[in-house]
Structures are given as structure tokens and as C-alpha cells.
Amino acid sequence: MKEILPYIVVGIGVFLFMLGSLGSMKRKRILESVVEDRTYEIISCNGTSLVLEANDSLCIDLRKLNVRYLGKGDYIEEKDVYFPLIKGNKGKLSLKIESHCVSLNITKEFIDGGYLIPVEEGLWNITIKSENPSILCDIVEDIPKDARITKNGNITRIPCGDYSVLLYNPSEDPVSIKVYSSEGLNSLPLIALGLAVFLLGISLRRREYAHRDWRGRGRENSVRSLN
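Residues numbered from 1 in each chain as written. Predicted model: local features only at pLDDT ≥ 70, side-chain atom pairs only at ≥ 80, totals over all residues. Heavy atoms only, no water.

**Q** For the overall build of the chain, give the residues involved together with the corresponding values.
**A** Of the regular secondary structure elements, the chain holds two helices and 13 strands. Counting across all 227 residues of the chain, residues that qualify as buried make up 36%. Here the analysis covers contacts within the chain between residues at least 6 apart in sequence; of these, 83% occur between residues at least 24 apart. Of the roughly 13900 Å² that the chain leaves accessible, carbon and sulfur atoms contribute 53%. (Helix = DSSP H or I, 4+ residues; strand = E, 2+ residues; numbered from the N terminus. Buried < 20%, exposed > 50% of the residue type's maximum accessible area, 1.4 Å probe, protein only. Contact = heavy atoms within 4.5 Å. Areas by Shrake-Rupley, 256 points an atom, 1.4 Å probe, with all protein chains shown as cover.)

Below you can see the structure in the form of C-alpha cells.
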């Protein structure tokens with residue numbers, strides 16, 4: 001039993017390592033969308049990281065947002081909105097924004113919906129008309145966050161935290177995206193355990209070989225002394 005124990009330990013270590021490695025590649029699609037020109041997608045992290053696939057460049061911002069709901073419908077009118085956030089649905093949306101010295105008219109055709117943050121902080125009077133119900137919110141907290149974002153080709157990995165991920169399309173062409181929730185980082189303890197068990201098995205095997213060698217030399221010395 002002592003002779004095969006190192007091999008059993010090595011096998012367990014390899015199994016745990018492979019199980020953790022397979023878990024690290026596990027991901028779930030949470031969004032497939034189109035980001036229209038000068039619009040946002042706002043995504044909450046539902047795992048340890050997000051994996052983004054996009055057919056063109058997007059601006060990525062990490063923000064802790066706290067919003068106040070103001071209304072929903074195909075016609076919304078609201079006064080003195082401090083920092084407007086508009087969620088548009090599929091179809092055409094017309095937006096009029098006014099302050100004491102500025103007046104803006106924006107028309108957007110959403111392919112599958114998205115977000116608008118049309119102006120900075122202030123006091124704005126908002127009128128929204130849309131083919132399908134839209135949502136108007138007021139951003140009451142907007143805190144920038146920082147994290148290490150890695151990019152490889154058209155694949156971007158974004159770590160999750162106490163913030164939302166804002167994807168902004170600055171170009172005039174729509175950008176197609178797929179977003180996956182990845183639980184890979186949760187597999188690191190299992191990978192580390194598998195590696196530790198594997199190294200333990202190797203150590204036991206070397207110790208067993210050394211013990212056999214010592215016993216063999218002991219027998220040889222005994223035979224020589226008898227002779």
C-alpha cells in the first residue's frame with residue numbers, strides 16, 4: 001500500500017487541478033446586443049469578471065451609480081432633472097432637453113434598446129416621446145471606480161466589483177457585443193489545492209525511492225560484512 005500511495009496522491013492532485021482548470025473556463029452569456037452610436041450599455045457584474053466580445057472599439061467606464069426613478073412610458077415630461085439617464089426601448093425615441101440657456105433636440109433609433117446620458121449635471125427640463133415605453137431616471141450618485149481591464153484582440157476581460165460597467169460607442173456605426181459572466185477566479189483555490197496535492201505525491205514518491213535505495217544499500221552492506 002505504501003508503494004502505490006504516492007501514485008494515488010499524484011492522481012488526486014491531477015484530478016483537482018483539471019477540475020479547477022475546467023471551472024476557470026466556465027462562462028455564461030448574459031447579454032447579446034448592439035450599442036448604437038453615442039449610446040451606452042450599462043451592465044452589472046454577475047460574476048467575478050465579465051468577458052466582452054465586440055466587433056469594434058468601445059469606451060469602457062467603471063462607475064458606482066445610484067439613480068432615482070422618475071417615470072416610464074411613451075411620453076414623459078419632467079422638470080428640474082439634475083443628471084438625466086434615459087433607457088430607450090427598441091424603436092424611435094425623440095428627446096428634448098432644456099435649461100435656462102440651452103435647448104437640445106435628439107432623435108435616436110434603437111435597434112434593441114440602450115441608454116442615453118445626453119448632458120452633464122445641471123437642472124434640465126426633459127420631454128421624451130418614444131415608440132415603445134422609455135424610462136427616465138436621475139443620477140444622484142456617480143462615483144468613478146478603477147480596476148485592471150485586460151484586452152486581447154476583440155476580447156476584453158473586466159473584473160467585477162461594487163460598480164457598473166458602462167460601454168459607450170463614440171463612433172457613428174453600431175457595435176455588436178456579446179457579454180459573458182465568468183466565474184473563473186473562484187476556481188483558483190481548487191487549482192492551487194490540486195497543484196499542492198500533486199507536489200505532495202511527487203515528494204512521497206521520491207521519499208519512497210530514497211527509502212528503497214537506502215534499504216538496498218543496507219542489504220548490500222550486510223552481505224559484504226558477512227562475506
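On we go.
**Q** Before we move on, could you go through the confidence of the model for the chain and cite the residues and values that matter?
**A** Mean pLDDT over the chain works out to 82, with 69% of the residues at or above the 70 mark. Within the chain, the element-level pLDDT minimum falls on helix α2 (residues 188-226), averaging 58, and the maximum on strand β5 (residues 84-88), averaging 97. (pLDDT = per-residue confidence, 0-100.)

**Q** Break down the pairing of strand β7 (residues 103-110) for me, citing the residues and quoting the values.
**A** Sheet topology note: the strand β6 (residues 91-98)/β7 ladder contains eight bridges and is antiparallel. Within β7, the position partnered with Lys-92 by the bridge is Glu-109. In this structure, the hairpin formed by β6 and β7 is closed by a connection of four residues. (Pairing = 2+ DSSP bridges.)

**Q** Account for the packing of aromatic side chains, with residues named and values stated.
**A** Tallying each qualifying case throughout the model produces one aromatic pair. A cation over an aromatic ring shows up here: Lys-87 above the ring of Tyr-115, its NZ or CZ 5.7 Å from the ring centre. (Phe/Tyr/Trp six-rings, centres within 6.5 Å; stacked < 30°, edge-to-face > 60°. Lys NZ or Arg CZ within 6 Å of the ring centre and 35° of its normal.)

**Q** Any details on the pairing of strand β2 (residues 40-44)? Residues and values, ideally.
**A** On a regular strand, each side chain points to the face opposite its neighbour's, so the side chains alternate between the two faces of the sheet. With four of its five residues buried, β2 lies for the most part within the structure. Across five bridges, the pairing between β2 and strand β12 (residues 164-168) is antiparallel. By the bridge assignment for β12, Glu-41 is matched with Leu-167.

**Q** I'd like to hear about the nonpolar core, residue by residue, with values.
**A** Counting residues in hydrophobic clusters, the biggest one holds 16 residues, and the most contacted among them are Leu-50, Leu-58, Val-165, Leu-167, Ile-177 and Val-179. Every element with two or more residues in this core is listed here: β3 (49-54), β12 and β13 (175-182). One finds Val-81, Ile-86, Leu-95 and Ile-128 within the second-largest nonpolar core, a separate group that totals 14 residues. (Core = buried A, V, L, I, M, F, W, Y, C linked by side-chain atoms within 4.5 Å.)

**Q** Go over the pattern of salt bridges with me, naming the residues and quoting the values.
**A** Summed over all chains, the structure comprises seven salt bridges. A salt bridge links Asp-37 to Lys-108; the shortest N-O distance between them is 3.2 Å. Of the two residues, Asp-37 is situated in the loop between β1 (27-35) and β2 and Lys-108 in strand β7; the sequence distance between them amounts to 71 residues. Given the relative accessible area of 10%, Lys-108 is considered buried. Notably, a salt bridge pairs Asp-142 with Arg-63, separated by 3.3 Å at the nearest N-O pair. Residue Asp-142 is found in strand β9 (residues 124-144), and its partner Arg-63 is found in strand β4 (residues 59-81); the two are separated by 79 residues along the sequence. Residue Asp-142 is classed as partly exposed on the basis of its relative accessible area, which comes to 28%. Within this structure, Asp-61, Arg-63 and Asp-142 form a network of salt bridges that share partners. (Salt bridge = Lys/Arg side-chain N within 4 Å of Asp/Glu carboxyl O.)

**Q** Which residues make up unusual backbone geometry, and what values do they have?
**A** A positive phi angle is found at Arg-38, which is not glycine, with a value near 55 degrees. Within the secondary structure, Arg-38 is located in the loop between β1 and β2. Positive phi outside glycine occurs at Asp-80, with the angle close to 55 degrees. Among the secondary structure elements, Asp-80 is positioned in strand β4.

**Q** Describe the environment of Glu-172, naming the residues involved and giving the relevant values.
**A** Assignment of secondary structure puts Glu-172 in the loop between β12 and β13. In the structure, Glu-172 is positioned 136 residues away from Glu-36 in sequence and 7.9 Å away in space, judged by C-alpha atoms.

**Q** Residues and numbers for the environment of Ile-155, please.
**A** When you line up the elements, Ile-155 lands in strand β11 (residues 155-159). Contacts of Ile-155, omitting those with residues within four sequence positions, involve Val-51, Leu-52, Glu-53 and Thr-150.

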